[in-house]
Amino acid sequence: MIYINKKGLIYKKNSFSFISLILACLTILLIVGEFFISTYIDEIAVLISLIFLVQLSMRKVLSKQDLLIMGLMIVFIVLGLVATLISRIAVSFFSVAMDVFSYLKAFAVFFAIKYALREEDIKENYLKMLTPIVKIFVVVTFVCCVMAIFVDIGMSNKMRYGLRNFVFLCPQSHQLYNALFVCGAILISKKCRYLKYYMFMILFTTAWTLQGPAFVFVVVFLFLLLLFKNKKKIGFFAILLMLLLVLWVGQYQIEMYLTDENSVRAKFYEYAFVTALRFFPLGSGFASYGSSQAAVNYSTLYYEYGFDRLWGMSPESENGMFLRDNGFAMYLGQNGFLGFILFLIILFLVFRLISNKNMNFIARAFILSIFANTMIHAVGTAILTSSSGVNGFVAMGIILACCVEKDDKGSESGLKPLIR
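The rules we used
- Residues numbered from 1 in each chain as written.
- Predicted model: local features only at pLDDT ≥ 70, side-chain atom pairs only at ≥ 80, totals over all residues.
- Heavy atoms only, no water.
- Patch = residues over 30% accessible without salt bridge, like charges linked within 9 Å, V, L, I, M, F, W, Y side chains within 5 Å.
- Areas by Shrake-Rupley, 256 points an atom, 1.4 Å probe, with all protein chains shown as cover.
- Salt bridge = Lys/Arg side-chain N within 4 Å of Asp/Glu carboxyl O.
- Helix = DSSP H or I, 4+ residues; strand = E, 2+ residues; numbered from the N terminus.
- Core = buried A, V, L, I, M, F, W, Y, C linked by side-chain atoms within 4.5 Å.
- Buried < 20%, exposed > 50% of the residue type's maximum accessible area, 1.4 Å probe, protein only.
- Contact = heavy atoms within 4.5 Å.
- Expected span 1.5 Å × (residues − 1).
- Bend = angle between axes of the 7 residues up to and from the residue.
- Phe/Tyr/Trp six-rings, centres within 6.5 Å; stacked < 30°, edge-to-face > 60°.
- Axes fitted to C-alpha atoms, helices over the stretch in contact; angles between N-to-C directions.
- Parallel < 35°, antiparallel > 145°, perpendicular 65-115°, else oblique.
- Nonpolar A, V, L, I, M, F, W, Y, C, P; charged D, E, K, R; others polar.

Looking at this structure, how should I read a nonpolar patch on the surface?
A contiguous nonpolar surface patch, about 530 Å² in accessible area, is contributed by V139, V143, M147, F150, V151 and I153. Relative to the assigned elements, V151 resides in the loop between α5 (120-150) and β3 (159-160).

Explain the nonpolar core here, please?
Note that soluble globular proteins tend to have their nonpolar side chains buried in a common cluster. By size, the foremost hydrophobic cluster in this structure holds 140 residues, and its most contacted members are Y126, F328, F366 and I398. Filtering out sequence-adjacent residues up to four positions away, F366 remains in contact with F181, G184, A185, I188, M199, F217, F221 and I399.

Help me out: how do you make sense of the side chain of T205 in this one?
By the element assignment, T205 lies in helix α7 (residues 195-207). Ignoring sequence-local partners within four residues, the contact set of T205 consists of T141, F142, C145, F166, L176 and L180.

I would appreciate a short explanation of the pattern of salt bridges in the present structure.
Side chains that differ in charge, positive against negative, can pair when their charged atoms come close. A complete count under the given rule lists 4 salt bridges for this structure. The shortest N-O distance in the salt bridge between D66 and K114 comes to 2.7 Å. With a gap of 48 residues between them, D66 in helix α3 (residues 64-87) and K114 in helix α4 (residues 93-116) connect regions that are remote in the sequence. Residue classification places D66 among the buried positions, given a relative accessible area of 0%.

Is there a simple way to think about helix α14 (residues 328-354) in this case?
An α-helical turn contains 3.6 residues, so a residue and the one three or four places further along point in the same direction. If you check α14, its first and last C-alpha atoms are just 21 Å apart, much less than what 27 residues at 1.5 Å a residue would give, namely 39 Å. Along its length, α14 shows its largest kink, about 125°, at G336. The buried fraction of α14 is high, at 19 of 27 residues.

Hey, could you run me through the packing of aromatic side chains in this one?
For any pair of aromatic rings, geometry is given as the distance between the ring centres together with the angle between the planes. Summed over all chains, the structure comprises 38 aromatic pairs. Each ring, one from Y289 and one from Y305, has its centre 6.3 Å from the other, and the planes form 75°; the classification is edge-to-face. Taken together, the residues span a long stretch of sequence, with Y289 in the loop between α11 (264-278) and α12 (292-296) and Y305 in the loop between α13 (300-304) and α14 at a distance of 16 residues. We classify Y289 as buried; its relative accessible area is 0%. You can call Y305 buried: its relative accessible area is 12%.

Which parts of the structure should I look at to understand the environment of V46?
By secondary structure assignment, the location of V46 is in helix α2 (residues 41-58). Separated by 55 residues in sequence, V46 and F101 place their C-alpha atoms 8.4 Å apart. For V46, the residues in contact, after removing those within four places along its chain, are F101, K105, A108 and V109.

Could you clarify how one ought to interpret the packing of α3 against α14 in this entry?
The N-to-C vectors of α3 and α14 enclose an angle of 175°; their axes lie 10 Å apart at closest approach. Regarding the angle of α3 to α14, the classification is roughly antiparallel. When its residues are assigned to classes, the contact of α3 with α14 shows 17 nonpolar, 5 polar and 2 charged.

Teacher, can you tell me more about α4 here?
Taking 1.5 Å of rise per residue, the 24 residues of α4 would be expected to cover 34 Å, and the 32 Å separating its terminal C-alpha atoms lies within 8% of that figure. Along α4, the largest kink reaches about 45° and is centred on K105. Among the 24 residues that make up α4, 19 are buried, leaving the element largely enclosed by the rest of the structure.

Just checking my understanding: could you explain unusual backbone geometry for this structure?
Excluding glycine, a negative phi dihedral is what most residues carry, and trans is how most peptide bonds are arranged. With an omega dihedral of 0°, the bond running from F280 to P281 counts as a cis peptide bond. Secondary-structure assignment places P281 in the loop between α11 and α12. Not every positive phi belongs to a glycine, and Y194 is a case in point at roughly 60°. Here Y194 lies in the loop between α6 (173-190) and α7. Although it is not a glycine, Y298 sits at a positive phi angle of roughly 45°. Inspection of the secondary structure assignment puts Y298 in the loop between α12 and α13.

Here you go:
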């Protein structure tokens, strides 16, 4: 069979099924990848995404808003490379390349899935393949979560508020609820039957991870759901109330990461400012401060700052994760004040992009809640460069691709086909 779009361009219909299958398999692998401490699944997905986006840019099908974000991201990377050359702290080209790759992770898959699901047949096949699978996953995790509340079934990794948290088969809590975000995005996009029951299970399981960002997601989602159900516009007082709710729910993260002088992450923020001032205005460059590669090579800055003499931050420490799990402190230290401001502008533009009013209120509340969760997480963890962050951005990309209604001008149909 063949397909002819409004521009008269022809391509094979059966290619849709193949692409849908590839996308569905990658999505499943990204979800399953959360059950392990370290995999290369997200790296493979990002590499495919980058190749796909280069192809799209060459065919001039990217929107102006998306091109602006990508262009600023390229400028951000270039400034980081210049800083790397000036500071000469990075020990190898490989380390720098890995750092750059990790910076691009979440954004690459976000835009790739957004454009890959633009064609209706690909989108329908993709959702049809995945809906039964994610339904089973949501129900199984919910049932196990309820059981774990009353009986220790080995699916918890710590006590919080006097309760056992729930992580299912994942090493960490955030890996579970970011996988559930992808499931929720698929179910919302499919507009499946009994959606409200599946959403309840997702919210309940997410909340029972007993993690601050998870509470932020649940609270923001319920607040926005009530708001968007009655009116579409977010007013000033609504934004103020939402910020107060986020600050209240996320106060543990804020205190632990920013105000506690004995906290490892607070120490990283303190010296992120020191580093940004020392290497003003571009920072110390890639693979030098707060990133995974800076930890692997144990940056010379850590010796200068005395980190090697602190528990959890020394080269021999078993808790080396403290050195590579530092959120916004990494961007401030490595990219300086100029790069950090540019990165915040990029995040703001992504926020504006996902704040599209042409989607149903459930989808809009869900996508904005994922973004809020990611931002509060990024205060103290490397969520934006992790596989969990990739899943969060995949979920947002799915909703943006599947739930935004076409305008009267048919702006969605005006795109060139992805496959000829």
